[in-house]
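Structure at a glance
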Amino acid sequence: MAAGESTTTSTNLGTEPKKIIIQNNYGEKLVGLLHETGSKEIVILCHGLQGTKEYSMMAELSFALEKQGISAFRFDFSGNGESEGSFGFANYRKEVDDLHAVIQHFTAANRVVSAIIGHSKGGNAVVLYASLHHDIPIVVNVSGRLKMDRGIEKLLGSDYLERVKKDGFIDIKSQAGKVLFRVTEESLMERLNTDMHEAGLKVDQDCKVLTVHGSADEVIPVEDALAFAKIIPNHELQIIEDANHDYSNHRDKLVPIVLDFIKANVHRLL
């Protein structure tokens with residue numbers, strides 16, 4: 001897999017991370033930012049739907065890990081941000097493949113990927129990864145979705161199945177009428193057929209999983225976090241009172257919860 005480096009945007013949070021390019025199994029370039037501390041261990045961070053590595057939560061968590069002496073890598077899934085490929089409403093399996101390519105890259109460089117963190121749809125990616133690959137000891141699911149049919153009607157309308165079968169797609173538009181992204185029938189069916197309950201059951205007992213969720217999440221209800229807690233074998237649940245989906249006013253609570261969990265469990269790698 002090819003890798004390269006370049007300068008990145010400046011930040012007030014810490015030293016500038018290095019841009020790294022990793023090729024996925026589809027021949028597409030995945031672009032990410034490496035917060036290098038010299039540690040053998042490294043944490044991988046995954047963004048959500050229509051997100052990128054530049055999302056403020058990804059940046060804040062990465063710089064917080066860096067300050068604790070833990071290297072971190074946040075990247076754009078294929079079809080998002082600077083990475084190559086086509087954007088997809090679902091792409092759950094492909095995003096797991098992207099994450100696998102990133103993990104293989106660092107493993108080949110003699111690094112130990114100690115944890116994977118995902119927010120929202122990225123939370124689905126890390127749980128799905130853990131259910132399939134069983135090689136990561138710490139997983140952090142921040143506001144991931146368990147019931148995959150929920151929320152679609154609000155986004156697409158009550159007749160979405162009829163419309164997508166008739167036209168083959170539904171365009172999601174802004175209030176001004178601009179097309180934000182297209183939901184194809186294939187991608188809609190992939191989302192509906194992605195079984196997060198089954199995935200949670202397949203996570204190894206040896207894998208320590210943290211689910212964090214805001215009690216006031218307006219995108220994915222907190223009930224999904226409670227369900228993950230009942231399903232995943234080795235699981236810890238943290239509900240942040242009054243926090244919304246982006247933890248807009250609660251990053252000061254989210255970041256230390258994630259860091260403390262990783263630091264408390266990373267000793268199992270030593």
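In the block above lies the structure referred to throughout.
Residues numbered from 1 in each chain as written. Predicted model: local features only at pLDDT ≥ 70, side-chain atom pairs only at ≥ 80, totals over all residues. Heavy atoms only, no water.

**Description of the overall build of the chain**
- Summing up its helical and strand segments, the chain has nine helices and 11 strands in all.
- For 270 residues, the compact-globule formula gives about 18 Å, and the C-alpha radius of gyration of the chain, at 18 Å, lands near that figure.
- Along the first, second and third principal axes, the C-alpha atoms of the chain reach 55 × 40 × 35 Å.
- In the chain, which comprises 270 residues, the share counted as buried stands at 53%.
- In the chain, the proportion of contacts linking residues at least 24 apart, taken out of those at least 6 apart, comes to 68%.
- Of the roughly 12000 Å² of accessible surface on the chain, 47% is carried by carbon and sulfur atoms.
- Computed over 29 positive and 38 negative side-chain charges, the separation of the two mean positions in the chain equals 1 Å. (Helix = DSSP H or I, 4+ residues; strand = E, 2+ residues; numbered from the N terminus. Rg over C-alpha atoms; globule rule 2.2 N^0.38 Å. Buried < 20%, exposed > 50% of the residue type's maximum accessible area, 1.4 Å probe, protein only. Contact = heavy atoms within 4.5 Å. Areas by Shrake-Rupley, 256 points an atom, 1.4 Å probe, with all protein chains shown as cover. Lys, Arg positive; Asp, Glu negative; His and termini not counted. Charge placed at Lys NZ, Arg CZ, Asp CG, Glu CD.)

**Focus on unusual backbone geometry**
- Of note in this structure, S120 is not a glycine but carries a positive phi near 60 degrees.
- In this model, Y247 sits at a positive phi of 55 degrees, which is unusual for a non-glycine residue.
- Mapped onto the fold, Y247 is located in the loop between β11 (235-240) and α9 (251-265).

**Details of the pattern of salt bridges**
- Scanning the model with the defined rule gives 15 salt bridges in all.
- As a salt-bridge pair, K53 and D76 come within 2.6 Å of each other at their nearest N and O atoms. With K53 in the loop between β4 (41-46) and α1 (56-67) and D76 in the loop between β5 (71-75) and α2 (92-108), this pair connects stretches of sequence that are 23 residues apart. Taken individually, K53 and D76 each receive the classification buried, so the pair is uniform in this respect.
- Among the charged side chains, a network of salt bridges with common partners joins K19, K53, E54, R74, D76 and E82. (Salt bridge = Lys/Arg side-chain N within 4 Å of Asp/Glu carboxyl O.)

**Comments concerning the packing of α1 against α9**
- Close contact between α1 and α9 brings their axes to 10 Å; oriented N to C, the two are set at 45 degrees. By the angle class used here, α1 and α9 are oblique. As α1 runs across α9, the sense of the crossing is right-handed. Contacts between α1 and α9 pair S56, M57, E60, L61, A64 and L65 from the former with R251, L254, V255, V258, L259 and I262 from the latter.
- Among the residues forming the contact of α1 with α9, the class breakdown is nine nonpolar, one polar and two charged. (Axes fitted to C-alpha atoms, helices over the stretch in contact; angles between N-to-C directions. Parallel < 35°, antiparallel > 145°, perpendicular 65-115°, else oblique. Left-handed = near helix turned anticlockwise from the far one by under 90°. Nonpolar A, V, L, I, M, F, W, Y, C, P; charged D, E, K, R; others polar.)

**Concerning the environment of Y129**
- Its place among the elements puts Y129 in helix α3 (residues 121-133).
- The class of Y129 is buried, set by a relative accessible area of 0%.
- With 38 residues separating them in the primary sequence, Y129 and D167 have C-alpha atoms 32 Å apart.
- When residues no more than four places from it in sequence are discounted, the contact partners of Y129 are V96, L99, H100, I103, I116, H134, D135 and I136.
- A distance of 3.0 Å separates the side chain of Y129 from the side chain of D135, its partner in a polar contact. (Polar contact = N/O pair within 3.5 Å; in protein donor to acceptor, adjacent residues only side chain to side chain.)

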